[in-house]
Amino acid sequence: MNIRPARVEDLAGMQAANLQNLPENYSMKFWLYHAMTWPQISFVAEDHKGRIVGYVLAKIDDQESSEDPVHGHVNSISVLRSFRRLGLANKLMLASQEAMRSVYKATYVTLHVRKSNKAALGLYRDSLGFKVDKVEEKYYADGEDAYSMRLTMTD
Amino acid sequence: MSKALANKKVLPSREAGLFKELLNLYEGRQLKKGLKTADTILKKFPEHGETICMKGLVLVHMGRREEGIDLVKKGVRLDLTSHIVWHVFGLIQKGEKNYEEALKSYSQALRFDKNINILRDAASLQTQLRSYESLVETRHTLLRLRPNLRQHWVGLSVAHYLNGNLKEAKVVLEKYLATLKNVPSHDVEQSETLLYYIHVLEELGEYTEALSLLDSHSRNRDIVDKTAISETRARLLTKLSSPEASEAWHTLLERNSDCHTYYLGYLASHGHPIPPSTPSHPDPDALALISSLTTEFPRARASKRLGLVLSEGDEFKSRAEEYIKGSLVKGIPSLFSDLKSLYTDNAKCTAIEEIVERLQVEFKDASSSPKGSEEPTTYLWTLYLLAQHHSALGRHSKALELLEEALAHTPTLPELHIFKGRVLKRAGDYWGAAACVNEARVLDGQDRFLNTKTGKYLLRAGCVKEAGDVFGLFTKKDAASPGVDLEDMQSMLYLLEEARAHETNGQPNLALKKYMAVKRIYNEIEDDQYDFHGYCLRKFNIMTYLRMLKWEDTVRSQAPYVTAAVNGANILVASYDDPEIVKSLAVAHEQLSSTSKKAAKKAKKKAAVAAAAAAKMGGLDGKTPQQHSNEDKGLEPPTAKDEDPEGLKALTGEGTPVLEQAWKLLQPLLEVGLEENVEVWLAVYDVAIRRGRYLQAVGALEKAKKAGGEEHPEVHVRVVDLKQRAATLSDLKEPVKSVLEEAIKKLYPVEVSPETFNSQYLQKHSQDPKAVIAAARASKILNAPVEEVDGTVFSLLNTDINLSVKVRSPSPPLFHLYFRSDVAMCTMYRTPWSP
Ligand SMILES: CC(C)(COP(=O)(O)OP(=O)(O)OC[C@H]1O[C@@H](n2cnc3c(N)ncnc32)[C@H](O)[C@@H]1OP(=O)(O)O)[C@@H](O)C(=O)NCCC(=O)NCCS
């Protein structure tokens, strides 16, 4: 198993994994846009045959004002079922957070998660130390609420 | 140009002011006001070409496309020397993705005005079209016009790089870097530019220089991407054979001890290069190095796994046992797929079987006693692993037996159901397989992964509708159907699996539609790069941009496109050879739709929604682009209504002849490095020979033979086919004729008749089912009587040969008679035969 920065050649595999794992999907241009804008902060996990089995897609959020500190946002993360509980998501997140911090000097990371997603909540809250910032009602297309979560990164 | 003529095109100052306003209104997409302003000018100067063009452009944005385009063309004719009219015309062509023509228009525009915006667009078009020589020229002009813009320097350097002129790329960059003053430290753009510079030096072989730049710039924090710094450093030191290399790889491992490639780099720097993806490479010294890394990074799996490659014999056995045991206790579901690549080494495969069987006994005892030392799940994962092991070796019943035991133990673990489904699928029972996977899905309804698997398995069983219903649990509710959403989201898995299902169900027309959808997605992906040609230079993200260009160059070699192109072409060729196929499909469809008009209605709605969705697309951030004015429809033509929802017109060649369609699918495959792929060259042969492109056909067949060997069954069929066709070609011109004759001699070197050639082939390969089928097909090509062809096919069922082929024959009932024990689980042959 390999954890490494995502490259353009990985995007098709990331897109396919996303489609298999999550209901929020994106066409290739969206994936390309991230790779062309923040090439250092998305990561993949690949198996020994070089197949993408997990990924994290991240971006740096627009600053609302110049006082608003630079911060990252996790757009999408997932791991193919047969490769779950190996610690891959945890490692992907840590790698991305480190890159956000060292390359862009991001001071915190945000993300959204379904209220009912136990596995993801376990990952963010228990393993990584994210805190619930607020609840966003009916955030998802099917009407489910989201927790907006945040992790402050310190040096 | 005479002055008088020129003046006719010059507006008096009032109207000139209005025209300027018109341009501004257009920029702000104030379309209605723009239209009004244009009309005001035209009232007085109805023949003013530039205004007419602008009016046309505005109309296109407002959705009055045809009318607008007519005006643009008229405007161009009225003022052939205006850069504005050509620019407008170029914009329209670019919107239609007609990059070649757009570039021509832009070049015209540039003859009359070296406008910065036009130059930039031209550069994007030249990059899109890979006209790198002209790109260099354009970038030169841009830099000359505005040398104070940083991106113009980098743009020129990148153009040289793409044009293969690394030296110039370097020179331009150096000049640029020398002009920079007061760059703040920790500047991401500067950091990416420097990484590009170092990459250019590396490609030029100037490793020492590259390294010292890397070191000094990372010390100053000019380069901020730590991963890139460490990776580049390790790579450069390795290329320099420096003793510091291993330390550099070690630094990388400290940053990320889960990266397999870093271990390989580390070992190579110690003089132990390990070939990638080998199951076995015994090397005690390398093993010792790895062992100490395992101690250093105890949490990393990568080094432990590598130990299994580097060891053999007893050493392997003890390492494998530790590795497997640890994983079972932890309950790692992916264990088998992790181990599987070791199986190409027979000794390792046997050793693993021994180990797991021993563990099975051990864990059974340990988990059955109430105070057992192991969790009961450990035993469960052991059964699971063992079942996977046997299934991979083709022992389906043994695998099922183990799974039944595991399921009796714990019926709620989805993995067990999924794998049972997989075993049944491998054994040919597609319905049973789908049912099992569905059990897993029901156990965890929130997990889309299980949902996707179930849909896929249903499609394998040919159940298209049921699959759609399952997929629909996770697709967008506002999509016209689950399939429409999956297609919009570019799911290759869905498109290819559904196409395959339609093929099995005897509906090649519907399959072709899905293959064509895959083709469309690849067109989109190629178009996607356009906006980034300018964007990435502005962002200075050069390395990732260069990678993207390279990736796009060969994106059609990706498996989904190859499959779609080859299968699609095969369908088209079959319908060309036998027009009856389409006729009977059309009749069947008529009967169906006369009873229900629903399908047509649905398709209509589908098309409308697709058009609406397409109109919403665009906008770099993937969201709906900001609408400057609610009536802006953009420059891209709306998706046309699907006039052929059943794909029957395509299959009859209405519109575009079938062979032309097939050729368009295959053409992009010719130069993307697929020399090893037999299927591709066979398909190219099939299409080329029917299009009368004989030299292309024999060229393709030669490649197929090289890739697959001359005894390859499908190659054999084509050689016979070629010989047969060549006999009827009389009116060929020189030099084609003699070149073709030469080529045929090479492909068919024997003196015997095709019939004898074929029966010799059959005799030689009578134990190989694929070869037997090939011989039958060849004799059909040679017009042998049906009984003879059938006889050859059914000889398959008399012998002990391994039945791993799919057969379609007009005499299906025979298969029921010849039901054999080794395919006892296979339900495929029990289906009522479809046409
Ligand atoms: C959420 C997901 C990415 C986790 O991936 P993973 O590689 O299995 O996660 P890890 O192995 O790194 O687990 C890290 C931690 O997350 C938590 N966690 C992971 N899966 C869990 C589960 N099923 N139940 C409870 N907690 C879980 C645990 O705290 C775990 O730490 P532990 O193993 O030490 O107990 C994966 O389950 C997934 O892809 N799910 C579907 C897609 C999805 O929901 N993505 C998140 C969208 S916001």
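Bear in mind the structure is a predicted one, so any value in this text is a computation, not a measurement.

1. Details of the overall build of chain A
When you go through chain A residue by residue, the secondary structure sums to four helices and seven strands. The globule rule puts the C-alpha radius of gyration for 155 residues at 15 Å, and the 15 Å found for chain A is close to it. Across its three principal directions, the C-alpha atoms of chain A cover 45 × 35 × 30 Å. For chain A, contacts bridging at least 24 residues in sequence account for 62% of all contacts bridging at least 6. By element, 48% of the accessible surface of chain A is carried by carbon and sulfur atoms, the whole surface being about 6400 Å². Charged side chains in chain A number 20 positive and 19 negative. The centres of these two groups are separated by 7 Å.

2. Considerations on the overall build of chain B
Secondary structure assignment for chain B yields 45 helices and zero strands. Counting every position in chain B, which comprises 835 residues, the buried fraction comes to 51%. Of the contacts made within chain B by residues no fewer than 6 positions apart, 61% connect residues no fewer than 24 positions apart.

3. Focus on the site of the ligand
Residues and elements named next belong to chain A. The local shell around the ligand holds 20 residues, among which Val79, Arg85, Gly87, Asn90 and Asn117 are the closest. Within the backbone of alanine 89, one N or O atom sits 3.0 Å away from an oxygen atom of the ligand. Taken by itself the ligand offers 900 Å² of open surface, and the protein chains cover 74% of this. Contributing elements (two or more residues each) for the shell around the ligand: strand S4 (71-79), helix H3 (88-104), strand S5 (108-114) and helix H4 (118-127). Sorting elements by how many residues they give to the shell around the ligand places H4 first, with six residues. Residue composition of the shell around the ligand, grouped by class: 11 nonpolar, seven polar and two charged.

4. Quick word on the confidence of the model for chain B
When pLDDT is low, close inspection of the predicted coordinates is not appropriate. All names here are of chain B. Scored by pLDDT, chain B has a mean of 89; 89% of the residues are at 70 or more. Contacts of residues 805-822 to residues separated by more than four positions or lying in other chains number 40 contacts, the stretch itself having pLDDT below 50. Predicted confidence for residues 829-835 stays below pLDDT 50, and this span has 18 contacts to residues more than four positions away or in other chains. Here the prediction assigns the complex a pTM of 0.91, and the interface score ipTM is 0.97.

5. Some details on the UniProt feature "repeat: TPR" (unreviewed entry) in chain B
In the UniProt entry, the feature "repeat: TPR" (unreviewed entry) is given for residues 83-116 of chain B. With 82% helix and 0% strand, the stretch residues 83-116 of chain B has end C-alpha atoms that lie 12 Å from each other.

6. So, the packing of helix H17 (residues 284-296) of chain B against helix H18 (residues 301-310) of chain B
Think of two packed helices as two axes; the pair is described by the angle between the axes and how far apart they sit. Residues and elements named next belong to chain B. Contact geometry of H17 with H18 gives a least axis separation of 9 Å together with a crossing angle of 165°. Classified by the angle their axes make, H17 and H18 are roughly antiparallel. For the pair H17 and H18, the sense of crossing is left-handed. For the pair H17 and H18, contact is made by Ala286, Leu287, Ile290 and Thr294 and by Ser303, Lys304, Leu306, Gly307 and Leu310, respectively. Residues belonging to the contact of H17 with H18 are distributed by class as follows: five nonpolar, three polar and one charged.

7. With respect to the sheet that holds S4 of chain A
All names here are of chain A. If you walk across this open sheet you meet the seven strands as S1-S2-S3-S4-S5-S7-S6, and the pairing is mixed. Taken across any chain shown, the strands that pair with only one partner, and hence form the sheet edges, are strand S1 (2-5) and strand S6 (131-136). The sheet shows a mean angle of 25° between the axes of neighbouring strands, taken without regard to direction. In terms of strand pairing, strand S3 (residues 52-60) meets S4 through seven bridges, oriented antiparallel. Within the sheet, the bridge partner assigned to leucine 57 lies in S4 and is serine 76.

8. Focus on the pattern of salt bridges
Residue and element names in this part refer to chain B. Taken as a whole and judged by the stated rule, the model has 64 salt bridges over all chains. Glutamate 498 serves as the salt-bridge partner of lysine 514, at 3.9 Å between the closest nitrogen and oxygen. Of this pair, lysine 514 sits in helix H30 (residues 508-528) while glutamate 498 sits in helix H29 (residues 492-504), placing them 16 residues apart in sequence. On the accessibility criterion, glutamate 498 (10% relative accessible area) is buried. What you see here is one network of salt bridges that share partners, running through Asp577, Asp686, Arg690, Glu714, Arg718 and Arg777.

9. Section: the environment of lysine 167 of chain B
Residues and elements named next belong to chain B. With respect to the helices, strands and loops of the structure, lysine 167 is situated in helix H11 (residues 166-179). Residue classification places lysine 167 among the exposed positions, given a relative accessible area of 60%. Sequence separation between lysine 167 and tyrosine 266 is 99 residues, and the spatial gap between their C-alpha atoms is 32 Å.

10. Points about the environment of leucine 549 of chain B
Inspection of the secondary structure assignment puts leucine 549 of chain B in helix H32 (residues 542-553). Leucine 549 of chain B sits 16 residues away from histidine 533 of chain B along the chain, and the two C-alpha atoms are 9.2 Å apart.

11. Topic: unusual backbone geometry
All names here are of chain B. Following glutamate 734, the chain continues to proline 735 via a peptide bond in cis, the omega torsion being 0°. Here proline 735 lies in the loop between helix H40 (713-726) and helix H41 (736-747). Although it is not a glycine, arginine 221 sits at a positive phi angle of roughly 65°. Along the chain, arginine 221 falls in the loop between helix H13 (207-219) and helix H14 (226-239). Even without being a glycine, phenylalanine 540 presents a positive backbone phi close to 65°. Following the sequence through the fold, phenylalanine 540 ends up in the loop between helix H31 (532-539) and H32. Classification of phenylalanine 540 by relative accessible area gives buried; the value is 3%.

12. Quick look at the side chain of histidine 765 of chain B
All names here are of chain B. One can find histidine 765 in the loop between helix H42 (754-764) and helix H43 (769-781). Note on histidine 765: relative accessible area 17%, which makes it buried. A polar side-chain atom of histidine 765 sits 2.5 Å from a polar atom in the side chain of glutamate 711. When residues no more than four places from it in sequence are discounted, the contact partners of histidine 765 are Glu711, Ala771 and Val772.

13. Quick notes on the packing of aromatic side chains
For the coordinates displayed, the defined rule picks out 18 aromatic pairs over all chains. Arranged with centres 5.7 Å apart and planes meeting at 75°, the rings of tyrosine 33 of chain A and tryptophan 38 of chain A form a pair that is edge-to-face. You can call tyrosine 33 of chain A buried: its relative accessible area is 15%. Ring centres of tyrosine 748 of chain B and phenylalanine 757 of chain B lie 4.6 Å apart, and the angle between their planes is 50°; this geometry places the pair in the tilted category. Assigned by exposure class, tyrosine 748 of chain B and phenylalanine 757 of chain B land together as buried. A cation sits over an aromatic face here: arginine 114 of chain A above tyrosine 140 of chain A, 4.2 Å from the ring centre. Its guanidinium or amino end placed over the ring of tyrosine 561 of chain B, arginine 556 of chain B lies 4.9 Å from that ring's centre, counting from NZ or CZ.

14. As for H40 of chain B
Residues and elements named next belong to chain B. Counted at 1.5 Å a residue, the expected span for H40 with its 14 residues is 20 Å, and the 20 Å between its end C-alpha atoms agrees. Within the sequence span of H40, burial applies to Pro713, Val715, His716, Val717, Arg718, Val719, Val720, Asp721 and Leu722. The inward-facing, buried residues of H40 abut helix H38 (678-690), helix H39 (694-708), H41, H42 and H43.

15. Observations concerning the interface of chain B and chain A
Counting from both sides, the interface comprises 58 residues of chain B and, opposite them, 43 residues of chain A. Overall, the association of chain B and chain A removes approximately 4600 Å² of surface from exposure, summing both partners, and the carbon and sulfur fraction of that is 55%. Contact with chain A buries surface across chain B, with Arg448, Phe449 and Trp551 of chain B losing the most and accounting together for 14% of the total. The tally of links from chain B across to chain A stands at eight salt bridges. Residues arginine 255 of chain B and glutamate 98 of chain A are paired through a salt bridge, measuring 3.6 Å at the closest nitrogen-oxygen approach. In terms of residue class, the side of chain B that touches chain A is built from 22 nonpolar, 16 polar and 20 charged.

16. A closer look at the nonpolar core
Tyr124 of chain A together with Ile324 of chain B are the most contacted members of the largest nonpolar core, which has 251 residues in total. It is H38 of chain B that contributes the most residues to this core, 10 residues altogether. Apart from residues no more than four positions distant in its own chain, isoleucine 324 of chain B is found in contact with Leu335, Leu339, Ile352, Ile355, Val356, Leu359 and Leu385 of chain B. Residues Leu31, Ile41, Leu71 and Ile118 of chain B belong to the second largest nonpolar core, which totals 43 residues.

17. As for the state of the cysteines
Evaluation of the coordinates by the stated rule reveals zero disulfides over all chains. With no disulfide of its own, cysteine 436 of chain B lies 14 Å from the sulfur of cysteine 463 of chain B, the closest cysteine sulfur.

18. What to know about the pairing of S3 of chain A
All names here are of chain A. Across the nine residues that make up S3, a large majority, nine, are buried. Across four bridges, strand S2 (residues 43-46) lies against S3 in antiparallel orientation. Bridge assignment links phenylalanine 43 to a residue of S3, and that residue is valine 56. If you look at the hairpin formed by S2 and S3, you'll find five residues sitting between the two strands, and glycine 50 has a positive phi there, around 80°.

What counts and what doesn't
- Residues numbered from 1 in each chain as written.
- Chains lettered and ligands numbered in written order.
- Predicted model: local features only at pLDDT ≥ 70, side-chain atom pairs only at ≥ 80, totals over all residues.
- Heavy atoms only, no water.
- Helix = DSSP H or I, 4+ residues; strand = E, 2+ residues; numbered from the N terminus.
- Rg over C-alpha atoms; globule rule 2.2 N^0.38 Å.
- Contact = heavy atoms within 4.5 Å.
- Areas by Shrake-Rupley, 256 points an atom, 1.4 Å probe, with all protein chains shown as cover.
- Lys, Arg positive; Asp, Glu negative; His and termini not counted.
- Charge placed at Lys NZ, Arg CZ, Asp CG, Glu CD.
- Buried < 20%, exposed > 50% of the residue type's maximum accessible area, 1.4 Å probe, protein only.
- Near = heavy atom within 4 Å.
- Polar contact = N/O pair within 3.5 Å; in protein donor to acceptor, adjacent residues only side chain to side chain.
- Nonpolar A, V, L, I, M, F, W, Y, C, P; charged D, E, K, R; others polar.
- pLDDT = per-residue confidence, 0-100.
- UniProt positions renumbered as here; feature names shortened; annotations may be inferred.
- Axes fitted to C-alpha atoms, helices over the stretch in contact; angles between N-to-C directions.
- Parallel < 35°, antiparallel > 145°, perpendicular 65-115°, else oblique.
- Left-handed = near helix turned anticlockwise from the far one by under 90°.
- Pairing = 2+ DSSP bridges.
- Salt bridge = Lys/Arg side-chain N within 4 Å of Asp/Glu carboxyl O.
- Phe/Tyr/Trp six-rings, centres within 6.5 Å; stacked < 30°, edge-to-face > 60°.
- Lys NZ or Arg CZ within 6 Å of the ring centre and 35° of its normal.
- Expected span 1.5 Å × (residues − 1).
- Buried area = accessible area lost by both parts, 1.4 Å probe.
- Core = buried A, V, L, I, M, F, W, Y, C linked by side-chain atoms within 4.5 Å.
- Disulfide = S-S within 2.5 Å.

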